[in-house]
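Coordinates in review
Residues per chain are reported as follows:
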Amino acid sequence: MAMPLQEMVTSPDTDPIETPDAKQVAGRSPTQIALERLRHDKVAVVSAAIVVLFVALAILAPVITSLVGVELNAGDPSEDTDAFNFPVIGPPDNGFTWEAPLGLEPGTGDDLLAEWLYGARTSLEVASISTLLSTIIGVALGLVAGFSRGWLDRVISFVIDVFLSFPFLLGALAMAPILLNRFGGDPEALDKAQFFGIIFILTFFSWMGLARLIRGEVLSLREREFVQAARVIGVPTRTVLFKELLPNLIAPIVVSISLSVPAFVTAEAGLAYLGIGLTGRPSWGQTINQASGYFDEYALYLWAPVIGIMLLVIALNLLGDSVRDAFDPKTRR
Amino acid sequence: MIGYILRRLVSAVLVVIATSMIVFLLFTLGPSDPAQRLCSADRCTEERRALIHQSLGLDKPVVEQYLTWAKGVFVGRDVSYGPGFSVDCPAPCLGISYINKEPVFPTLMERFPATISIALGGFMYLIVGVIIGVLAARRRGTSTDRGLVASTLIISAIPYYLVALLAYLYLVLKWGIFSETSYVPLTEDPIGWAGALALPWLVLTVYFCVTYARFSRGSMIESLSEDYVRTARAMGVSESKVVAKHALRAAVVPVITIFGIDFATLLAGTVFTEAIFGINGIGRTALASITQGDLPIISATVLIGSVFIVIANLLVDIIYSFLDPRVRLS
């Protein structure tokens, strides 16, 4: 992520000359400075550690479940639950057991640890794919709109306005019944359609903010000398866009990514809670919806996914805030 | 000024038209067949479904279907489900429910007061948030201020629906601090109305006011350092007057803009609020329609929701252009 040479020349104040131990003036890009500041930010380090832990749990979900000896959807209502539909082993009626560390699901007898781990997986999968796609769309449209100006800019800006007046929750409301109507008969196809549908809806209704931001940045950057110089010496437009402009947009892009991931985790679980998200695979929101009926007798059933979402989203948000501060030149110390 | 308002009005209408096209396309071209919904395979013959298909106009070109639908919004139309069965749908006609075969718009209008009542909480969190923000700005740097900034970070990082759900489960069901009452219209029983909405309002206010407290704190700190505030102080104007009359007036402008932009969040907040607290508003009706596959109700909800967002954005832009002359000129 090397910055263009021109940027180094125009902003010499990025060198930390004031620090006494910096005998030699070292050239550091704004990205390096931001990373350096993040390393010294305690909140950021702790949040990042929590996020890494969740990612590891999600990736290793199959390994962990087989190590503990639990399995997804392996419950047998006649064997694992009693006459009141409550699990025969583990909480809430019996003590802790390694056979089911988080207990079994009332009614079905499915293992809740496996469901929790795969729920984390679903959550992070949906959030990261949606973030990637919406970032690509936002950056591409923002670059094109800001650089082209004229009619193309006006068209893209209008499309941004249209999408901003159509929040994702309404989009999800619209999509859920269509998928259900179409794929209702085939659970496997429905699950696939819902998974890609959620990603589609989240992506479709979340690229606008970044596109607007990038467009504004490009509008001012394109008037700068290094862009004009590149165009004068005949650098092709594509190279100007990706080699000259894009490296200067790293800060807003990174900040946008770090704030979209928690928003998508929240959104995915929220939709699942409302019953218009994923229904075919484990999702924390779905577990919360089912568990809220048992919150009093079987608090662990509800609280395991609640704490999962809270911890992950708070860590991601605080990390995002730290990233924003680290990349913000105004807070430069 | 008038030119600016007209321009914004035209673009708002264009956005509404574009949104209605998207909604229409989604539901007509979307992978679902209304005829199948109206008359499932075990009750209907293939020919009968084809007849329904034809009389709904689904065999015609999409543009023609859209124009028929759009005309119905303004002058009303008859929706026909095959020979000998048609429903009169007066303007604004947003379709006929597949389930009870009644026009969708009046059904939704019945549910509307409940949704608006919840959204009233939005104004409360705005007011509470601004008050807290102003107080924090005046005590800038103290432990109260730092505590506020830290708590805003944490509270706004938790998803809203978790806060609402846990508040409902524990405060209502477990500890009984708030009684479990269902929504009654304001005109019937004002006390019952406020009683049923007390907890939803409280949760909305506590959750969302922290964001506005943070915004107004920042904006207030900025305006308190302006020259005219120093001048007012130098002239011997009392501190409370300086804060309330001079600084706040300038500080509140950007906060109100954010409130307008945030309208979509409030709308999403009411959907979750209705679902969690069991209030029969528009959002809950739409959610219930999903399991029944009642597409016209859902498409009408989506359309009405986006029209509201457009109107909110338009109002904010116009109010803003009155408050800040620079906007009009750009």
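What you see is a predicted model, and the numbers here were worked out from it, not measured in a lab.

Bringing the overall build of chain B into the picture now. If you tally the helices and strands in chain B, you get 14 helices and 2 strands. Principal-axis analysis of the C-alpha atoms gives chain B an extent of 85 × 55 × 35 Å. Per-residue burial over chain B gives 46% buried out of 330 residues. Mean positive and mean negative side-chain charge positions of chain B (26 and 23 charges, respectively) differ by 12 Å.

We now examine the overall build of chain A. The number of helices and strands found in chain A is 15 helices and 0 strands. Expressed as a percentage of its 333 residues, the buried residues of chain A come to 50%. When contacts within chain A are restricted to residue pairs at least 6 apart in sequence, long-range pairs at least 24 apart make up 72% of them. Entry remark: accessible area of chain A is about 15,900 Å², with carbon and sulfur atoms responsible for 64%. Averaging the locations of the 22 positively and 34 negatively charged side chains of chain A gives two centres separated by 19 Å.

Facing the 38 residues of chain A at the interface are 44 residues of chain B. Between chain A and chain B, roughly 3,700 Å² of surface is buried when both sides are summed, and carbon and sulfur atoms account for 82% of that area. It is A:Ile178, A:Asn181 and A:Phe295 in chain A that bury the most area against chain B; as a group they hold 16% of the surface buried on that side. Counting across the chain A and chain B interface gives 1 salt bridge.

Residues and elements named next belong to chain B. Tracing the backbone shows threonine 152 in helix α6 (residues 143-155). A relative accessible area of 1% places threonine 152 in the buried class. In contact with threonine 152, not counting residues within four places along its chain, are Val210 and Arg214.

How big an interface is tends to be stated in terms of the accessible area lost upon association of its parts. Residues and elements named next belong to chain B. Split into domains, chain B comes out as domain 1 (2-103) and domain 2 (113-323). For domain 1 and domain 2, the distance between their C-alpha centres works out to 35 Å. Taken together, the contact between domain 1 and domain 2 spans 19 residues of the former and 20 residues of the latter. Surface buried jointly by domain 1 and domain 2 totals about 1,800 Å² across both partners, of which 77% is contributed by carbon and sulfur atoms. In terms of surface lost to domain 2, no three residues of domain 1 exceed Arg8, Phe27 and Leu94, which account for 29% of the buried area on that side. Viewed at the interface, domain 2 and domain 1 are joined by 0 salt bridges.

Time to look at the nonpolar core. Among the nonpolar cores identified, the biggest contains 150 residues, and A:Ile276 and A:Leu302 are the most heavily contacted of them. No other element matches helix α15 (residues 299-327) of chain A, which puts 16 residues into this core. Three or more residues apiece are contributed to this core by two domains, here domain 1 (2-103) and domain 2 (113-323) of chain B. For A:Leu302, the residues in contact, after removing those within four places along its chain, are A:Ile288, A:Ala291, A:Ser292, A:Phe295, B:Leu165, B:Leu166 and B:Leu169. Listed in part, the 15 residues of the second largest apolar core include A:Val139, A:Leu143, A:Leu210 and A:Ile253.

Take the packing of helix α7 (residues 160-174) of chain B against helix α8 (residues 190-224) of chain B next. Residue and element names in this part refer to chain B. Taken N-terminus to C-terminus, the directions of α7 and α8 make an angle of 140 degrees; their axes are 10 Å apart at the nearest point. In terms of orientation, α7 and α8 fall into the oblique class. Classified by chirality, the crossing of α8 by α7 is right-handed. Contact with α7, carried on its side by Tyr160, Val163, Ala164, Ala167, Tyr168, Leu171 and Val172, involves Leu199, Val203, Leu204, Tyr207 and Phe208 of α8 and no other residues of that element. Its residues placed into classes, the contact of α7 with α8 shows 12 nonpolar, no polar and no charged.

Calculation rules
Residues numbered from 1 in each chain as written. Chains lettered and ligands numbered in written order. Predicted model: local features only at pLDDT ≥ 70, side-chain atom pairs only at ≥ 80, totals over all residues. Heavy atoms only, no water. Helix = DSSP H or I, 4+ residues; strand = E, 2+ residues; numbered from the N terminus. Buried < 20%, exposed > 50% of the residue type's maximum accessible area, 1.4 Å probe, protein only. Lys, Arg positive; Asp, Glu negative; His and termini not counted. Charge placed at Lys NZ, Arg CZ, Asp CG, Glu CD. Contact = heavy atoms within 4.5 Å. Areas by Shrake-Rupley, 256 points an atom, 1.4 Å probe, with all protein chains shown as cover. Buried area = accessible area lost by both parts, 1.4 Å probe. Salt bridge = Lys/Arg side-chain N within 4 Å of Asp/Glu carboxyl O. Domains from an automatic or database assignment. Core = buried A, V, L, I, M, F, W, Y, C linked by side-chain atoms within 4.5 Å. Axes fitted to C-alpha atoms, helices over the stretch in contact; angles between N-to-C directions. Parallel < 35°, antiparallel > 145°, perpendicular 65-115°, else oblique. Left-handed = near helix turned anticlockwise from the far one by under 90°. Nonpolar A, V, L, I, M, F, W, Y, C, P; charged D, E, K, R; others polar.

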